[in-house]
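# A closer look at the structure
This is what each chain is made of:
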Amino acid sequence: MLFDIVPDSFFHPLAAKSKIVYWECICILFRITNSELSFGIERNYLVDELQYYFESDLSADIGDDSEDIDVSDSKILKTGIMSPRDKANLMLRQLERWGWIYTDTDMSYVQRVNFRDYAISIIRSLSSLEEKDHPEYQAYVYTIYNLVKAGSEQAGIGLLQIVENTEALIAGLKSLNANIKKYIDSLTRYSNVAEILDALLNDYYTNIIDKAYHRLMTSDNVARFRPEIIEKLESFSRSGKYLDRATEQIAEIKEIPLQEARELTLTMLHNVVDAFRKMDQIIEDINKKNMKYQRAAINRARFLLSSSDDIRGQLKNIIGFIGEQAQELSIDHNTVYEFEQLDRLIKLFTVSYIDLNSLYSPAAGRKDFKPEPIAEIVIDEAERNLKHRSMIEKLRNNINPDKINSYVLAQLGDRKAMKASELDISNIEGFIKLIYIRLYSLRKSMCYDLESGEMTEKSGYRFRDYLIRRKD
């Protein structure tokens, strides 16, 4: 159980009124101790660092969390005369009392502060949430692939590492799936087109498309190594030599009987194979959510832009007004029908003039099928050649990575770099090529890479003037 390992009061600093200052101090201490070979460091040095933090104008202040602070410290805190060094010492005492750190005294009577093992794990997890790190899917798959190719060498240890990396890969995919769902849910918060487009083109494309989704669909695509991984793991499950060696090592590592270790080995092999087989379902769901978000964002922006006097425009104005009033008066959406002005906004009335288009068209009934002879169509050879030339011309004008590579190399010439604003965008074709240069730049096969620049305007187009740099 969790609280058999973690003290009952461990989470107090993260739930206290002064949680911001506690977390910032924990991060400072962790950064300092993490830079050492061990997590132990002299207490006086940590006090000096925390004192420097409390002397800063940017530091948060310790509030009166009297229920979480010792009686003696609480009295000192209420007087309001604590110096930055007093606050630093108070912080270390509190973290030690709550089970985050402990103090050792060495042979020279020097006190050294260390983080608890469970505190290190929790700090790392919370820091990764704060930094919004995106997993490198290819690293997990490549590690699994190499471990599988290693075969029976250290079979037990290798299998445990395969399971660990597979779980990390699945967790990363599920996290990406959940992040896209979060963006879909947040669309209702935006009240104008500028906010929606900023969320779609800047926030969403930067944090989801560029950093995670694009890599998953291209360089980090799991389908590249999956067939060989599945084939090897299935052969391992049928290999008596591999199972014997893996069973012995896992039994020794887990300290369990051989029979139980053999069952665990087979279970892990089957679970990894099953995870790779079902990975397409997660990726397909990610694709659907990505398309759903982009379509929802565009439709919402299009709805907000509609300002005509037809039925669509009037309904848009009514719904927008109801939303503004509900937000202003803090009316629950489930009780919005109680809005007193709603009766004056929507009225049903009879139409005095009815024409044929006003009448309901009944569904056609079932009819008897009467076969008719199929007329032989003679294709005109001239028309065929015209269609053929048209198709070739269309294929020639299609844009692909190879054509963009050739176009960029031709524009660069002997130069190593150039700005996007130097390209010819006097027509729509030139601007489309500019867009595809940005889209294809993340591919490893491209002959160039990009460096972001400032916003600029040319030939009526406004875009970011990135630097196109030839790869070595």
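This text follows the structure it describes.
Residues numbered from 1 in each chain as written. Predicted model: local features only at pLDDT ≥ 70, side-chain atom pairs only at ≥ 80, totals over all residues. Heavy atoms only, no water.

### Concerning the nonpolar core
Rule in force here: Among buried residues, the Ala, Val, Leu, Ile, Met, Phe, Trp, Tyr and Cys ones that are joined through side-chain atoms within 4.5 Å form a nonpolar core. When a residue's accessible area, from a 1.4 Å probe over protein chains only, is under 20% of the maximum for its type it is buried; when over 50% it is exposed; and in between it is partly exposed. Helical segments are the DSSP runs of H or I of at least four residues, strand segments are the runs of E of at least two, and each set is numbered from the N terminus. Whether two residues touch is decided by their heavy atoms; if any such pair falls within 4.5 Å, the residues are in contact.
Counting 35 residues, the largest nonpolar core has Ile229, Leu233, Tyr242 and Phe276 as the members making the most contacts within it. Element by element, the count of residues in this core is highest for helix 9 (residues 155–186), at nine residues. Filtering out sequence-adjacent residues up to four positions away, Ile229 remains in contact with Val141, Ile144, Tyr145, Val148 and Phe276. In this structure, Val6, Ala88, Ile122 and Ile123 belong to the second largest nonpolar core, which totals 32 residues.

### A short note on the side chain of Thr166
With respect to the secondary-structure elements, Thr166 resides in helix 9. On the basis of relative accessibility, which here comes to 4%, the residue Thr166 falls in the buried class. Excluding its chain neighbours within four sequence positions, the residues that come into contact with Thr166 are Ile144, Val272, Ala275 and Phe276.

### Regarding the pairing of strand 3 (residues 111–115)
Going by this rule: Here a strand pair is declared whenever DSSP counts at least two bridges between the two strands.
Two elements, strand 1 (residues 41–42) and strand 3, share two bridges in a ladder whose sense is antiparallel. Residue pairing for strand 3: Ile41 is matched across the bridge by Val113. Pairing of strand 2 (residues 101–105) with strand 3 involves five bridges; the strand directions are antiparallel. Note on strand 3: the bridge partner recorded for Tyr102 is Asn114. Between strand 2 and strand 3, which pair antiparallel one after the other, the connecting turn spans five residues, and Tyr109 there sits at a positive phi close to 60°.

### Some words on unusual backbone geometry
The phi torsion at Glu255 lies on the positive side, around 60°, for a residue other than glycine. Secondary-structure assignment places Glu255 in the loop between helix 12 (240–254) and helix 13 (258–277). Residue class for Glu255 comes out exposed when judged on its relative accessible area of 70%. In this model, Ser459 sits at a positive phi of 55°, which is unusual for a non-glycine residue. Position of Ser459 among the secondary structure elements: in the loop between strand 6 (455–458) and strand 7 (461–464).

Scope: geometric values only; no functional claims are made or implied.
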